Amino acid sequence: FYVTDLADILTDNEEVKIDALIREYKAKTTTEFSVLTIKSLEGYELEKYANTVFRKWGIGRKDYNNGLLILVSLNDRKLRIETGYGLEPYLPDGYTKEISVKFATPNFKKGDYFTGISNLVTNFQEKLGNEDFGSFIKKQNKILQEKTLLEAKESAERREKFYSFMFYVFTLLV
């Protein structure tokens, strides 16, 4: 089960629906999401709490570090999205915060935690795409390599033009 509702803010049916979204996505991509709702942080820092849960639960594949935790603390009125290092380039903190404010906060204020959490899960899944994470990483690396090669080629061409110009200027002076 990928949904742990300790704050009891979701119905059993809602938990099953979110769990199904996560299971289907994991089966296609190997990327693993988990949802944890708690009543209170009980004095713990949100970031440390989320990071500890993330590590202890072992969310995501170790070789890809492609896990994501959605932590909701009901009484503290706090939300944290914790991502594994493999997902950070694609779901950076600024983006997860923006999406949380846009999709979760308005629903949470209305007491509609199911819609808020479901929207987060769906948005992050859409952002990451529906292919196996290993293939996704390989494709992203290939794009990066091609971009790096193109930049290196352009840089070499600029240097060649500069040296040709300098040679021309030097021959005029001599």
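This section reports on the structure supplied with the text.

The terminal C-alpha atoms of helix α1 (residues 12–29), which comprises 18 residues, lie 26 Å apart, in line with the 26 Å expected from a rise of 1.5 Å per residue. All of the buried residues in α1 are E15, I18, D19, I22, Y25 and T29. Down the axis, α1 shows its buried residues gathered within 130° of arc, on one side only. What points out from α1, more than 90 degrees from its buried face, is the exposed set D12, E24 and A27. Two residues or fewer after α1 comes T30, characterised by a positive phi angle close to 75°.

Tallying each qualifying case throughout the model produces five salt bridges. Among the salt bridges present, the one from K26 reaches E32, with a minimum N-O distance of 2.9 Å. For E32, a relative accessible area of 12% puts it in the buried group.

With respect to the element layout, Y2 can be found in the segment before β1 (3–5). Residues Y2 and S100, spaced 98 residues apart in sequence, show a C-alpha to C-alpha distance of 19 Å. Residues in contact with Y2, not counting those within four places in the same chain, are D19, I22, R23, K26, E32, F33, S34 and V35. In this structure the side chain of Y2 is engaged in a polar contact, spanning 3.2 Å, whose partner is the side chain of K26.

Here we come to the environment of I9. With respect to the secondary-structure elements, I9 resides in the loop between β1 and α1. Measuring from C-alpha to C-alpha, the distance between I9 and E32 comes to 22 Å, with 23 residues separating the pair along the chain. Setting aside anything within four residues of it in sequence, one finds I9 in contact with E14, T37, V72, L74 and Y113.

Taking strand neighbours across the sheet as the criterion, the four strands line up as β1-β2-β3-β4 in an open arrangement whose pairing is mixed. Either end of the sheet is taken by a strand with one partner, and the two such strands are β1 and β4 (78–83). For this sheet the average axis-to-axis angle between neighbouring strands, irrespective of direction, equals 10°. In the sheet, strand β2 (residues 32–38) pairs with strand β3 (residues 67–73) via seven bridges, with the strands oriented parallel.

What counts, and where the lines are drawn
Residues numbered from 1 in each chain as written. Predicted model: local features only at pLDDT ≥ 70, side-chain atom pairs only at ≥ 80, totals over all residues. Heavy atoms only, no water. Helix = DSSP H or I, 4+ residues; strand = E, 2+ residues; numbered from the N terminus. Expected span 1.5 Å × (residues − 1). Buried < 20%, exposed > 50% of the residue type's maximum accessible area, 1.4 Å probe, protein only. Arc of directions from axis to C-beta. Salt bridge = Lys/Arg side-chain N within 4 Å of Asp/Glu carboxyl O. Contact = heavy atoms within 4.5 Å. Polar contact = N/O pair within 3.5 Å; in protein donor to acceptor, adjacent residues only side chain to side chain. Pairing = 2+ DSSP bridges. Axes fitted to C-alpha atoms, helices over the stretch in contact; angles between N-to-C directions.

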